[in-house]
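Here is how the chains run, residue by residue.
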Amino acid sequence: MAERLSIRQLRDHNHLGRRLHVAHFTGEPTIGERHGQPRAVLVSYAWWAERHDQEGQGTLAS
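Draft legend 1. Structural detail: the overall build of the chain. When helices and strands are tallied, the chain shows 3 helices and 3 strands. For the chain, the succession of helices and strands along the chain, N to C, is β-α-α-β-β-α. Taking all 62 residues of the chain together, 19% fall into the buried category. In the chain, the share of contacts with a sequence separation of at least 24, taken over all contacts with a separation of at least 6, comes to 36%. Total accessible area on the chain is roughly 4900 Å²; 54% of this is exposed by carbon and sulfur atoms.

Okay, structure coming up:
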């Protein structure tokens, strides 16, 4: 399950570095929120690259 953190939490308490490690080593994403609304998702590079490579092959879901 993805952890949800405010952008302020990610920035202020060194959560960003920890969540980068979690994404890389476990594949668990982090949802960054502002005012309770999702703004971005931190995922592992391997996950992103795999889906980015699929783009143009007609296999990436919109």
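Draft legend 2. Representation of the pairing of strand 3 (residues 37–42) within the structure. Note that strand 2 (residues 30–34) and strand 3 share 5 bridges and pair antiparallel. Looking at the pairing, R34 lines up with Q37 of strand 3. Taken together, strand 2 and the strand that follows it, strand 3, pair antiparallel across an intervening segment of 2 residues, in which H35 is found at a positive phi of about 55°.

Draft legend 3. Here's a closer look at unusual backbone geometry. Notably, H35 is not glycine yet its phi reads approximately 55°, a positive angle. Among the structural elements, H35 can be located in the loop between strand 2 and strand 3. On the basis of relative accessible area, H35 is assigned to the exposed category, the value being 74%.

Conventions used here
Residues numbered from 1 in each chain as written. Predicted model: local features only at pLDDT ≥ 70, side-chain atom pairs only at ≥ 80, totals over all residues. Heavy atoms only, no water. Helix = DSSP H or I, 4+ residues; strand = E, 2+ residues; numbered from the N terminus. Buried < 20%, exposed > 50% of the residue type's maximum accessible area, 1.4 Å probe, protein only. Contact = heavy atoms within 4.5 Å. Areas by Shrake-Rupley, 256 points an atom, 1.4 Å probe, with all protein chains shown as cover. Pairing = 2+ DSSP bridges.

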